[in-house]
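Residue strings, one per chain:
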Amino acid sequence: MPDFDPSLNELSALDAEPSSSHHGDTDPRRVRWNLSALMLDVTFFSLGMAFIDMSAILPLLLDRLGASGVLIGAFAAIRFLAFSLFQILVAYATHNRTRQKPILSWVATTTRLPLLALPWFLWHAADSHAARLTALWATIILLTIWALGDGLGYVPWMEIVARAFTDKTRGRFFAVTQLASGVISIAIAAFIVRSVLAASGLPFPFNYALLAGIAVLMFQISLIGVLLIREPPAPSTAETEPLPPLGSYLYRLPSVLRANPIFARLALVQLLVGFGAASAPFYVLYATSRFRLGDEWGAYYQVMQALGVVVLMPAWALISERRSAATSVRCVALTCLLTPLLALTIGRVSPWLFGLVFLLMGGSLNWGLWITFNHYLLTHVRKQERSLFIALLSLLFMPSALYPYFGGLLVQHKSMVSIGGIPVLFVVTAVIVAIGAALAWALPAPDTNGRSSTDTI
């Protein structure tokens, strides 16, 4: 496997190469600066997630605060809706705008700063029953506001990344940042998160409050990376297209789908493969219940999840470069399918073998799905349509917000609904993801010239 940690100068040189098929910023100094700023943003965002991981740590926290399985699933659904619901409107508001950074900076600042109150609520959760309920709902509300901000800033952030780098460099940028943060996350989970959760001198809820405090600090450093971005120039006026009224903009979305069957299939595959999210919050609860494990095992599984990022993210980038973005999508879909299958088979033998579930999930469902599908999309569509299709892909993925809620319905009294000892949720997940993986095999390699057959909107 080649080295996927090129220096800033090497990446900048790639972007400075003139190419008719790979559009990107042509100012080497701005490329170097933005590469540093965006790596600061993405890396520290990922590190923050390592301290309050949404699949391995947050479900345990919610469970300790008194949340039911249904509420844990519903909260995951609410976070996703907050992230996705308004993106199509943001795409409309920012269509053809030369400046994307102002809205990104504003929403990132106003929705990340409130997170600073989260550790305080968690620290006082042991004061009384009312304080514990307050901490539970404060966690839900503050993380929902944070998800809303990430969703509102997602379209302009992706547009800035698309302008800043060429197709090849963009794929390497995603791989490098995830590889770097994945390596560090392994150390964080193994030596910090595990130690904090297992420390007898730091009982619940103080252990989770400390983890949340560090996570919040990481997110604020990530915000600094966002604010440091030097926005690349927009496409020339000759390449932009007029913006229709909002009603016409929304009304013509179905015709965009019909005119671009490749995008429609990509969206359907994402919707089906993403059903893995139905089981994601409950793997750790199932393992700790089945094998009678302590909360520190959440950290062990987090290590496996981070290791999955380190191992698989460079693999997806390599496959995309050597074969095609479509092949990378197919491999991610297959890996998502293997996740529930392992939980149903060898994962039931021991808690260590169950760690393979998190190993595959870390490099597929959590990050691999997002990176490979969006890299395919950005390579497939024209520059003028990027914002629209980025938002439309998220809009069409919105039904997946109900997946974790559905999963919670199959968790009764903190136990998985089972038939013959087999968790029904994992079986349903495997079947639906298998359909998506099968459909992924019909995705063609995208047109690297950035052209699509869509009608303009």
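Please read all numbers here as calculations on a predicted model, not as lab measurements.

Undergrad: Teacher, can you tell me more about the overall build of the protein chain here?
TA: Broken down by element type, the protein chain carries 21 helices and 4 strands. Relative to its full complement of 457 residues, the protein chain shows a buried share of 60%. Intrachain contacts of the protein chain at a sequence separation of at least 6 include 87% that bridge at least 24 residues. For the protein chain, the accessible area works out to roughly 17600 Å², and carbon and sulfur atoms hold 67% of it.

Undergrad: Sorry, what's going on with the side chain of serine 324 here?
TA: You can see serine 324 is positioned in the loop between α15 (296-322) and α16 (325-344). For serine 324, a relative accessible area of 13% gives the class buried. Within the structure, the side chain of serine 324 is placed 3.2 Å from the side chain of threonine 327, a separation counted as a polar contact. The residues contacting serine 324, other than those within four sequence positions of it, are Ile319 and Ala445.

Undergrad: Looking at this model, I keep getting lost on the environment of valine 161. Mind explaining?
TA: Along the polypeptide, valine 161 turns up in helix α8 (residues 129-164). Separated by 123 residues in sequence, valine 161 and leucine 38 place their C-alpha atoms 8.3 Å apart. Apart from residues no more than four positions distant in its own chain, valine 161 is found in contact with Leu38, Arg170, Phe173 and Phe174.

Undergrad: Teacher, can you tell me more about the pattern of salt bridges here?
TA: Side-chain pairing between opposite charges can occur once the charged atoms of the two side chains come close. For the coordinates displayed, the defined rule picks out 5 salt bridges. Between arginine 64 and aspartate 295 there is a salt bridge whose closest N-O contact spans 2.9 Å. Of this pair, arginine 64 sits in helix α3 (residues 58-64) while aspartate 295 sits in the loop between α14 (283-290) and α15, placing them 231 residues apart in sequence. Judged by its relative accessible area of 17%, aspartate 295 is buried. Several salt bridges share partner residues, and in doing so they unite Arg99, Glu159, Arg163 and Glu231 into one network.

Undergrad: Hey, could you run me through unusual backbone geometry in this one?
TA: Of all residues except glycine, most have a negative phi; of all peptide bonds, most are trans. Look at the link from phenylalanine 204 to proline 205: it is a cis peptide, with omega at 5 degrees. Looking at the element boundaries, proline 205 is found in the loop between α9 (167-198) and α10 (206-227). Located in the positive-phi region is arginine 292, a residue other than glycine, with phi close to 55 degrees. Mapped onto the elements of the fold, arginine 292 is located in the loop between α14 and α15.

Undergrad: For this particular structure, what's the right way to read the packing of α16 against helix α21 (residues 424-440)?
TA: Pairs of packed helices are described in terms of their axes, by the angle between the two and the distance that separates them. Where α16 contacts α21, the two axes come as close as 9 Å, and the packing angle between them is 160 degrees. Overall, the two elements α16 and α21 adopt an arrangement that is roughly antiparallel. Crossing handedness for the pair α16 and α21: left-handed. On α21, the residues that touch Arg330, Ala333, Leu334, Cys336, Leu337, Pro340, Leu341, Ala343 and Leu344 of α16 are Phe426, Val427, Thr429, Ala430, Val433, Ala434, Ala437 and Ala440. Per-class residue counts for the contact of α16 with α21 are 15 nonpolar, 1 polar and 1 charged.

Undergrad: Looking at this structure, I do not really get the packing of α8 against helix α18 (residues 368-380). What am I missing?
TA: One way to put it is that α8 packs onto α18 with a least axis distance of 12 Å and a crossing angle of 65 degrees. Relative to α18, α8 is oriented so that their crossing is right-handed. Judged by residue contacts, Tyr154, Trp157, Met158 and Ala162 of α8 engage Trp370, Asn374 and Leu378 from α18.

Undergrad: Hey, could you run me through the packing of aromatic side chains in this one?
TA: Remark: the centre distance and the inter-plane angle together describe each pair of aromatic rings, the angle taken between the planes. Within this structure, the stated rule accounts for 22 aromatic pairs. Ring centres of phenylalanine 45 and tryptophan 146 lie 5.9 Å apart, and the angle between their planes is 35 degrees; on these two criteria the pair is classed as tilted. On the criterion of sequence distance, the pair formed by phenylalanine 45 in helix α2 (residues 28-51) and tryptophan 146 in helix α8 is long-range, its members being 101 residues apart. For the pair formed by phenylalanine 45 and tryptophan 146, the shared burial category is buried. Plain terms: the ring middles of phenylalanine 83 and tyrosine 154 are 5.4 Å apart, the flat faces sit at 55 degrees to each other, and that makes the pair tilted. Of this pair, phenylalanine 83 sits in helix α4 (residues 69-84) while tyrosine 154 sits in helix α8; the two residues are 71 residues apart in sequence, bridging distant segments of the chain. Here the guanidinium or amino end of arginine 64 rests over the ring plane of phenylalanine 204, the centre of that ring lying 4.5 Å away.

Undergrad: Is there a simple way to think about a nonpolar patch on the surface in this case?
TA: Together, Leu133, Trp137, Ile141 and Ile145 give the surface a local cluster of nonpolar side chains, amounting to about 360 Å² of exposed area. Its place among the elements puts leucine 133 in helix α8. For leucine 133, a relative accessible area of 37% corresponds to the partly exposed category.

Undergrad: Can you help me understand the nonpolar core in this one?
TA: Here is a general trend for soluble globular proteins: nonpolar side chains tend to be buried in one another's company. One finds Trp157, Phe173 and Phe354 to be the most contacted residues of the largest nonpolar core, which totals 137 residues. Of the residues forming this core, the biggest block, 14 residues, is contributed by α8. Dropping the residues within four chain positions of it, phenylalanine 354 is found in contact with Tyr283, Tyr286, Ala287, Phe291, Tyr301, Ala343 and Gly347.

Undergrad: Explain α8 here, please?
TA: Given 3.6 residues per turn, any residue in an α-helix points the same way as the ones three and four places further on. Taking 1.5 Å of rise per residue, the 36 residues of α8 would be expected to cover 52 Å, and the 50 Å separating its terminal C-alpha atoms lies within 8% of that figure. Approximately 45 degrees is the largest bend angle found in α8, and it occurs at tyrosine 154, with the proline proline 156 only one to four residues beyond. Of all the 36 residues making up α8, 26 are buried; the element is thus mostly covered by neighbouring parts of the structure.

What counts, and where the lines are drawn
Position numbers for residues start from 1 in each chain and track the written sequence from start to end. Given that this is a predicted model, residues contribute local features only at a pLDDT of at least 70 and side-chain atom pairs are listed and counted only at 80 or more, while totals for whole chains, interfaces and linings are drawn from all residues. Side-chain measures were taken over the full set of non-hydrogen atoms in the model, leaving aside hydrogen atoms and water. Each helix corresponds to a stretch of at least 4 residues labelled H or I by DSSP, and each strand to a stretch of at least 2 residues labelled E; elements are numbered beginning at the N terminus. Classification of residues uses two cut-offs on accessible area relative to the type maximum, computed with a 1.4 Å probe and protein chains only: under 20% is buried, over 50% is exposed, and between them is partly exposed. What makes two residues a contact is simply this: any of their non-hydrogen atoms within 4.5 Å. Method for areas: the Shrake-Rupley scheme with a 1.4 Å probe, in which residue coverage is limited to the protein chains shown. For the purposes of these results, a polar contact is taken to be a pair of N or O atoms within 3.5 Å, where, inside protein, one atom must be able to donate a hydrogen and its partner to accept one; residues adjacent in sequence count only when each atom of the pair is a side-chain atom. By definition, a salt bridge exists where a carboxyl oxygen of Asp or Glu is found within 4 Å of a side-chain nitrogen of Lys or Arg. Note on method: axes are straight lines fitted to C-alpha atoms, helices fitted across the in-contact stretch only, with angles between N-to-C directions ranging 0 to 180 degrees. Our angle categories are set so that under 35 degrees counts as roughly parallel, over 145 as roughly antiparallel, 65 to 115 as roughly perpendicular, and the remainder as oblique. For any pair of crossing helices, the crossing counts as left-handed if the nearer helix is rotated counterclockwise from the farther one by less than a right angle, and right-handed if it is rotated clockwise. Gly is put with the polar residues, along with every residue not named as nonpolar or charged; the nonpolar set is Ala, Val, Leu, Ile, Met, Phe, Trp, Tyr, Cys and Pro, and the charged set is Asp, Glu, Lys and Arg. Each Phe, Tyr or Trp ring (for Trp, its six-membered ring) is paired with any other whose centre lies within 6.5 Å, and the angle between the two planes then decides the class: stacked below 30 degrees, edge-to-face above 60, tilted in between. Here, a charge over a ring means that NZ of Lys or CZ of Arg falls within 6 Å of the ring centre while also lying within 35 degrees of the ring normal. Residues enter a patch when their relative accessible area is above 30% and they make no salt bridge; the linking distance is 9 Å between like charges and 5 Å between nonpolar side chains (Val, Leu, Ile, Met, Phe, Trp, Tyr). In this text, buried Ala, Val, Leu, Ile, Met, Phe, Trp, Tyr and Cys residues form a nonpolar core when linked through side-chain atoms within 4.5 Å. Expected helix span is computed as 1.5 Å times (number of residues minus one). Consider a residue and the seven residues that end there alongside the seven that start there; fitting an axis to each set, the bend is the angle between those axes.

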